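# Survey of secondary and tertiary structure
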Amino acid sequence: SYPKVIVIDPPFISQSVWENYATTAALLGVKDGAHIICTTVEQNEGLMERLFKSKVMNFQPSIPKLIYQYNTYANFQSATLSTINPELE
């Protein structure tokens, strides 16, 4: 049995690292229809589309002391992830 949801929230955001995450996600069940949720910087939007067929969501992780704002990406529609989180409004 494969997981229904795979969450990828990596400490490193380079293309080569994301390609390794994509390989692992494929082994875990992406090809079997698993939902993917990823967090990364805006500059990786094209990479998320290519690797996971994921789109940027309105929900953003709130990490007050982080220099970069991360976005959330998902390969499925979600009412929760489509909503801006209150602490960022």
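Shown above is the structure to which this text applies.
The present account deals with the structure reproduced in this document. Fair warning: this is a prediction, and the values are worked out from it, not measured in the lab.

### Describing the overall build of the chain
- Of the regular secondary structure elements, the chain holds two helices and four strands.
- Along the chain direction, N to C, the helices and strands of the chain fall in the order β-α-β-α-β-β.
- Here the C-alpha radius of gyration of the chain, 13 Å, is about what a compact globule of 89 residues would show, namely 12 Å.
- Reported as C-alpha extents along the three principal axes, the dimensions of the chain are approximately 40 × 30 × 20 Å.
- Counting the 89 residues in the chain, one finds 34% classified as buried.
- Residue pairs in contact within the chain that sit at least 24 positions apart in sequence constitute 59% of those at least 6 positions apart.
- Surface exposure of the chain reaches about 5900 Å², of which carbon and sulfur atoms provide 56%.

### Quick notes on the environment of Y70
- Counting through the fold element by element, Y70 comes out in strand β4 (residues 70-74).
- Overall, Y70 belongs to the buried group, its relative accessible area being 12%.
- Separated by 66 residues in sequence, Y70 and K4 place their C-alpha atoms 24 Å apart.

### Here's the deal with the packing of aromatic side chains
- Scanning the entire structure with this criterion turns up two aromatic pairs.
- Joined through ring pairs, the aromatic side chains of W18, Y21 and F52 make up one cluster.

Definitions and cut-offs
- Residues numbered from 1 in each chain as written.
- Predicted model: local features only at pLDDT ≥ 70, side-chain atom pairs only at ≥ 80, totals over all residues.
- Heavy atoms only, no water.
- Helix = DSSP H or I, 4+ residues; strand = E, 2+ residues; numbered from the N terminus.
- Rg over C-alpha atoms; globule rule 2.2 N^0.38 Å.
- Buried < 20%, exposed > 50% of the residue type's maximum accessible area, 1.4 Å probe, protein only.
- Contact = heavy atoms within 4.5 Å.
- Areas by Shrake-Rupley, 256 points an atom, 1.4 Å probe, with all protein chains shown as cover.
- Phe/Tyr/Trp six-rings, centres within 6.5 Å; stacked < 30°, edge-to-face > 60°.

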